[in-house]
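Residue-level structural notes
Listed here are the chains, written in short residue letters.
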Amino acid sequence: NAGVTQTPKFQVLKTGQSMTLQCAQDMNHNSMYWYRQDPGMGLRLIYYSASEGTTDKGEVPNGYNVSRLNKREFSLRLESAAPSQTSVYFCANVPGISYNEQFFGPGTRLTVL
Amino acid sequence: GENVEQHPSTLSVQEGDSAVIKCTYSDSASNYFPWYKQELGKGPQLIIDIRSNVGEKKDQRIAVTLNKTAKHFSLHITETQPEDSAVYFCAARPGRSTLGRLYFGRGTQLTVWP
């Protein structure tokens, strides 16, 4: 039972390149989130999804798109990467609106040159 | 939206001493306050949480206190050990928040020296 998995673990991109960060959960949870973590900035919400097929913007959505095609997977896409998107990205999930604990994945460290 | 401030940003203590991390929040309707611990190279993990109808909660060496009037809450770690060294995040969930959305503080790097 892996919980929350994220791929890749590390990635280096050049400015302007695109890529998709993958997140998958085997916990059968409804809500999923994408955060970015920057030094001294804590965790900032990029996008979240209440259920399959629904997504909403968080605090810092610019430059990102997301896709929730099924309950298990929630992907984050950078269409044209910029150095400001260098960060550690975490995926998290919650069983449902009446639950509290967010379960985090191990993270993806992204560097944009 | 909610604004959560966390202090200090770094904290060094001797093994066996106590550590206290403090957070304030802005939305008086916030009703849930978790604390997460993040070890190096890993994702954050919930260590303790408190709801707005409770003033204090304890779990072995860890305790959290909440002052709703002043809109602040604190994490207390007693008898610290080297394995307590990590980054700690506080968070708040507004009462009107959809999907259990949390707003996080900027984190505290705790170092426990043997």
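Position numbers for residues count from 1 along each chain, tracking the sequence in the order it is written. By the order in which they are written, chains take letters starting at A while ligands take numbers starting at 1. In keeping with the model being predicted, local features are shown solely for residues with a pLDDT of at least 70 and side-chain atom pairs are shown and tallied solely at 80 or more, while totals for entire chains, interfaces and linings include all residues. Side-chain measures were taken over the full set of non-hydrogen atoms in the model, leaving aside hydrogen atoms and water.

Moving on to the nonpolar core. Among buried residues, those of type Ala, Val, Leu, Ile, Met, Phe, Trp, Tyr and Cys that are joined through side-chain atoms within 4.5 Å constitute a nonpolar core. Here's how the labels work: a residue is buried when its accessible area is under 20% of the maximum for its type, exposed when over 50%, partly exposed in between, all with a 1.4 Å probe on protein chains only. Core analysis: the biggest nonpolar cluster contains 24 residues, and B:Trp35, B:Phe73, B:Leu75 and B:Leu110 have the highest contact counts within it. The way it works is that DSSP assigns letters per residue, a run of H or I at least four long becomes a helix, a run of E at least two long becomes a strand, and they are numbered from the N terminus. The set of elements that each furnish at least two residues to this core consists of β2 (10-14), β3 (19-25), β4 (32-38), β5 (45-51), β7 (62-67), β8 (72-77), β9 (86-92) and β11 (108-113) of chain B. Between two residues, a contact is recorded if the distance between any of their heavy atoms is within 4.5 Å. In this view, B:Leu75 contacts B:Ala19, B:Val20, B:Ile21, B:Trp35, B:Ile47, B:Ile48, B:Ile62, B:Ala63 and B:Tyr88; residues no more than four positions away in its chain are not counted. Core analysis: the next-biggest nonpolar cluster, separate from the first, contains 19 residues, A:Trp34, A:Ile46, A:Tyr64 and A:Ala81 among them.

What follows concerns the state of the cysteines. Residues and elements named next belong to chain A. In plain terms, two cysteine sulfur atoms within 2.5 Å form what is called a disulfide here. The tally for this structure, following the rule as stated, stands at two disulfides over all chains. A disulfide bridge connects Cys23 with Cys91, and the sulfur atoms are separated by 1.9 Å. As the torsion about the S-S bond is roughly -70°, the Cys23-Cys91 disulfide counts as left-handed. Of the two residues, Cys23 sits in strand β3 (residues 19-25) while Cys91 sits in strand β9 (residues 87-94), which places them 68 residues apart along the sequence. With respect to burial, Cys23 and Cys91 carry one shared label: buried.

This part covers the interface of chain A and chain B. Across the contact, 24 residues belong to chain A and 20 residues belong to chain B. Buried area counts how much accessible surface, traced with a 1.4 Å probe, disappears from two parts once they are put together, with both parts' losses summed. Buried area between chain A and chain B, summed over both chains or domains, comes out near 1,900 Å², and the portion from carbon and sulfur atoms is 54%. We define a salt bridge as a side-chain nitrogen of Lys or Arg found within 4 Å of a carboxyl oxygen belonging to Asp or Glu. On inspection of chain A and its partner chain B, the count reaches zero salt bridges. Counted as a polar contact is a pair of N or O atoms within 3.5 Å, where, for protein atoms, one must be capable of donating a hydrogen and the other of accepting one, and residues adjacent in sequence contribute only when both atoms are in side chains. In this structure, the connection of chain A to chain B is made through two residue pairs in polar contact (both at pLDDT 80 or more). Going through the elements one at a time, β4 (31-38) and β5 (42-49) of chain A are the ones with two or more residues in the side of chain A that touches chain B. Of all the elements, β5(A) adds the most residues to the side of chain A that touches chain B, at five residues. Residues are grouped as follows: Ala, Val, Leu, Ile, Met, Phe, Trp, Tyr, Cys and Pro are nonpolar; Asp, Glu, Lys and Arg are charged; all remaining types, including Gly, are polar. Per-class residue counts for the side of chain A that touches chain B are twelve nonpolar, nine polar and three charged.

Attention now moves to the layout of surface pockets. By volume, the largest pocket is sized at about 630 Å³. Buriedness of a pocket was judged along seven lines, with at least five required to meet protein on both sides within 12 Å; pockets are open sets of points on a 1 Å grid over the protein atoms alone, cavities are sets where a 1.4 Å probe fits but cannot get out, and lining residues have an atom within 4 Å of a point. Contributing to the lining of the largest pocket are 28 residues, with A:Gln37, A:Val88, A:Arg109, B:Gln38 and B:Gly41 lying nearest its centre. Secondary structure elements with two or more residues in the lining of the largest pocket: β4, β9 and β11 (108-112) of chain A together with β9 of chain B. If one sorts the elements of the lining of the largest pocket by residue count, β11(A) sits on top with four residues. Residues that form the lining of the largest pocket fall into these classes: ten nonpolar, twelve polar and six charged. Looking at the second largest pocket, its volume works out to about 210 Å³. As for the second largest pocket, its lining consists of 13 residues, and the residues nearest its centre are A:Met41, B:Asn3, B:Val4, B:Phe104 and B:Arg106. Taken together, the residues that form the lining of the second largest pocket break down as five nonpolar, three polar and five charged. Grid points are joined across faces, edges and corners, and a volume is the space filled by probe spheres set on the points.

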